[in-house]
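The chain contents come next:
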Amino acid sequence: MSIARFLPATVVGLILLFLAFPIVVVFVVSFSSATYLTFPPPGFDLRWYEAYFGSEDWLRPTWLSLWVAAAVVVLSTLLGTLASLGIARLPRALRVLATGLILSPLIVPVIVVAIGIYYAFSRYGLVGTPIAMVLAHTCLAVPFVVTSVSASLAGIDPRLEQAALSLGATPAGTFRQVTLPLIRPGVVVGALFAFITSFDELVVSLFLSGSGAVTLPRRMWDDLRFAIDPTIAAVSTLTIVLTAALLGGAHLLRKRAEGR
Amino acid sequence: MSEVAQSPTLVIPLGAAKAPTFAWRRAAPILLAAPLLIYMLVFYALPVLSMLLRSVNDPIWTLSHYAGLIDDTVFLKTFWITLHTSVIVTLGTLLLGYPVALGLARARATAPLILIVILLPFWTSVLVRSYAWMVLLGRHGLINEALLATGLLERPLRILNTPLATQIAMIHILLPYMILPIANTLRQIDPSLVRAASGLGATPWKTFRQVILPLSMPGVAAGVLLVFVLALGFYITPAMVGGPRDITLSMLIAQQVDQLNWAYAATLSAVLLATALAIIAAARRLPGVGNALRMNMR
């Protein structure tokens, strides 16, 4: 396209380098042989990965984060998918109201959400429990499920459902055999985003995790307050790899859905 | 319940069968949405609202907490730093984001690669990206080591724990929010308009200024809105890489909660929330912004 002429590619390249470089640096530092943070590293070593995989202090928060994220995926995907199906058919005024409530965590500053939930949960003794983390993270994850599922619902030809119904399928049968297969990629992509949202979440965790439910980001945060050794870089690299793998999966799903 | 009555293409039979089907059709969407709506009310909206209520009913119904902000120097300084940082970060992302959006919109073979470079940091946690900037900007970080090695510096620069570090890291973190909506509107520009402009003798710069730039404004407005509103609420990054005295509104709120000063924390939260909502309300009136935002959600 002719926009090409207006723009030296080097400028774009440099800005993209600015975007990618910090991630690359974390990656490289995680294999450093130095005991302190320095770049470029004097040599390469797997000691920080050994430190991570050998330490209960790191593995326990990792497992907790994985479990919380898994529970958030189940809860937010279930609630979010059902709600998306309903919202699409609500009268306009109600639909605007419901969408506003469900999507608002995307724009309300997360500190406000965090201390609001902390304020309410501390009255019921929920602070410091994994349940509190699941309940709170689900609020933050649901908008991603609803936007993703709603987008794939909007892409469905309504005549397909009408045809199934008029050919004698029950509403439940129509949902299972027509609607669900069509929105499945949207549901799965929403679930992946829900997982990443919970797994990476820090602000709410800072208030709700207490001493009883320390998640991985909270553990990293605590560590950064005291000493910054490259173990954090190793943990970061592992989370980046996990995120990239999930995003790659989401991308493949979308591609396959579009190809159909 | 008759199966035939379910088909909207057929005339709905009159009489007894009509009523339950019709009622069910009306009720089903509400029943499907209800679990999530109740969940969001109980675990999100009511907690936040009851917390915000502390700003007006602690210890009695009063507006004194809000009135007190007017000559509260700590609040005023914090609010100023928060707005100032958000403006700089928004301008920075716009400056760096627009060229990338142009590049992304025009790219063919390299588009997936550019998208990966944008999306991978986008979905990497704010904590990890802030940590990366600690590594880069520290006393023995890459920037200092490189400048020292080339002899440009004799002593390491102090960048980490300054406002500049916060601004650089926040620009890095929020850049994708600027790029994606702009790239979306650029991609929708009819190429024949661009061809017509150059065919009629416009220079590339003139075509850009008079055709491409105006048509991309909804995306620019959406990006500016997103980045500015998100920047207002930043907490992790300024706390990690920023200066010890450069406190943002979010950091002040967290501090007040730690001291169990709920009335003040709630008042500050209400101000932060109101600022964000006011900006969104104002921006939505601009033409095309709503559309550009909606596209970005997908």
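Conventions we followed
- Residues numbered from 1 in each chain as written.
- Chains lettered and ligands numbered in written order.
- Predicted model: local features only at pLDDT ≥ 70, side-chain atom pairs only at ≥ 80, totals over all residues.
- Helix = DSSP H or I, 4+ residues; strand = E, 2+ residues; numbered from the N terminus.
- Buried ≥ 20, exposed ≤ 12 C-beta atoms within 10 Å, placed from the backbone.
- Contact = placed C-beta atoms within 7 Å.
- Axes fitted to C-alpha atoms, helices over the stretch in contact; angles between N-to-C directions.
- Parallel < 35°, antiparallel > 145°, perpendicular 65-115°, else oblique.
- Left-handed = near helix turned anticlockwise from the far one by under 90°.
- Core = buried A, V, L, I, M, F, W, Y, C linked by C-beta atoms within 7 Å.
- Nonpolar A, V, L, I, M, F, W, Y, C, P; charged D, E, K, R; others polar.
- pLDDT = per-residue confidence, 0-100.
- Expected span 1.5 Å × (residues − 1).
- Bend = angle between axes of the 7 residues up to and from the residue.

Brief notes about the overall build of chain B
Reasoning step 1: A tally of regular secondary structure across chain B gives 14 helices and zero strands.
Reasoning step 2: Going from N to C terminus, chain B has its helices and strands arranged as α-α-α-α-α-α-α-α-α-α-α-α-α-α.
Reasoning step 3: Taking all 298 residues of chain B together, 43% fall into the buried category.
Reasoning step 4: Sequence-distant contacts in chain B: of pairs separated by 6 or more residues, those separated by 24 or more amount to 73%.

Quick word on the overall build of chain A
Reasoning step 1: When helices and strands are tallied, chain A shows 11 helices and zero strands.
Reasoning step 2: The order of α-helices and β-strands along chain A, N terminus first, is α-α-α-α-α-α-α-α-α-α-α.
Reasoning step 3: Dimensions of chain A along its principal axes, counting C-alpha atoms only, are 70 × 60 × 30 Å.
Reasoning step 4: Here chain A holds 260 residues, and 46% of them are scored as buried.
Reasoning step 5: Relative to all contacts within chain A whose residues are 6 or more apart in sequence, the contacts with residues 24 or more apart total 76%.

With respect to the environment of Tyr 39 of chain B
Residue and element names in this part refer to chain B.
Reasoning step 1: Here Tyr 39 lies in helix α1 (residues 18-53).
Reasoning step 2: Under the C-beta neighbour-count criterion, Tyr 39 is labelled buried, with 21 such atoms within 10 Å.
Reasoning step 3: Along the primary structure Tyr 39 and Leu 215 are separated by 176 residues, whereas in three dimensions their C-alpha atoms are 41 Å apart.

Brief notes about the packing of helix α3 (residues 56-87) of chain A against helix α8 (residues 171-200) of chain A
Residues and elements named next belong to chain A.
Reasoning step 1: α8 packs onto α3 with a crossing angle of 140° between their chain directions and a minimal axis gap of 8 Å. In this view, α3 runs oblique relative to α8, as classed from their interaxial angle. As for the relative orientation of α3 and α8, their crossing is right-handed in sense. Together, Ser 65, Val 68, Ala 69, Val 72, Val 73, Ser 76, Thr 77, Gly 80 and Thr 81 of α3 and Val 187, Gly 190, Ala 191, Ala 194, Phe 195, Ser 198 and Phe 199 of α8 make up the contact between the two elements.

Looking at unusual backbone geometry
Residue and element names in this part refer to chain B.
Reasoning step 1: Across the junction of Asp 58 and Pro 59, the peptide omega takes the value 0°, indicating a cis bond.
Reasoning step 2: With respect to the element layout, Pro 59 can be found in the loop between α1 and α2 (64-68).
Reasoning step 3: Phi angles above zero are rare outside glycine, and Asn 161 is one such case at about 65°.
Reasoning step 4: In this fold, Asn 161 is placed in the loop between α6 (142-149) and α7 (163-187).

Digging into the nonpolar core
One broad rule of soluble globular proteins: the nonpolar side chains tend to lie buried together.
Reasoning step 1: Among the nonpolar cores identified, the biggest contains 154 residues, and Ile 115 of chain A together with Leu 174 of chain B are the most heavily contacted of them.
Reasoning step 2: No other element matches the 15 residues that α7 of chain B contributes to this core.
Reasoning step 3: Once residues within four sequence positions are removed from consideration, Leu 174 of chain B is found in contact with Val 89, Thr 93, Val 227, Leu 230 and Ala 231 of chain B.

Notes on the interface of chain A and chain B
Note: interface size is frequently given as the accessible area lost on complex formation between the parts.
Reasoning step 1: Facing the 72 residues of chain A at the interface are 78 residues of chain B.
Reasoning step 2: With 12 residues, helix α1 (residues 9-29) of chain A is the largest single contributor of residues to the side of chain A that touches chain B.
Reasoning step 3: Residues that form the side of chain A that touches chain B fall into these classes: 57 nonpolar, 12 polar and three charged.

Quick notes on the confidence of the model for chain B
Residue and element names in this part refer to chain B.
Reasoning step 1: In this model, chain B carries a mean pLDDT of 86, and residues with pLDDT of at least 70 account for 90%.
Reasoning step 2: Across chain B, element-level confidence peaks in helix α12 (residues 249-258) with a mean pLDDT of 95 and bottoms out in helix α14 (residues 289-297) with 59.
Reasoning step 3: Segment residues 1-19 is flagged for pLDDT under 50; beyond a separation of four residues in sequence, or across chains, it makes 21 contacts in the model.
Reasoning step 4: With a pTM of 0.88, the predicted complex shows an ipTM of 0.90.

Let's talk about the environment of Trp 67 of chain A
Reasoning step 1: Relative to the helices and strands, Trp 67 of chain A is located in helix α3.
Reasoning step 2: In sequence terms Trp 67 of chain A and Pro 158 of chain A are 91 residues apart; their C-alpha atoms lie 38 Å from each other.

Concerning the packing of α1 of chain A against helix α5 (residues 126-137) of chain B
Reasoning step 1: Orientation of α1 of chain A relative to α5 of chain B, taken along the N-to-C sense of each, is 75°, at an axis distance of 9 Å. Here α1 of chain A is positioned roughly perpendicular relative to α5 of chain B, judged by the angle of their axes. Judged by residue contacts, Pro 22, Ile 23, Val 25, Val 26 and Val 29 of chain A of α1 of chain A engage Val 128, Arg 129, Tyr 131, Ala 132, Trp 133, Val 135 and Leu 136 of chain B from α5 of chain B.
Reasoning step 2: When the residues that make up the contact of α1 of chain A with α5 of chain B are grouped by side-chain class, the tally is 11 nonpolar, no polar and one charged.

Focus: α7 of chain B
Residues and elements named next belong to chain B.
Reasoning step 1: Taking 1.5 Å per residue, 25 residues should reach 36 Å; α7 reaches 35 Å between its end C-alpha atoms and fits that length.
Reasoning step 2: The largest bend in α7 comes to about 45°, at Leu 174, with the proline Pro 176 one to four residues further on.
Reasoning step 3: Most of α7 sits out of view: 22 of its 25 residues are buried.

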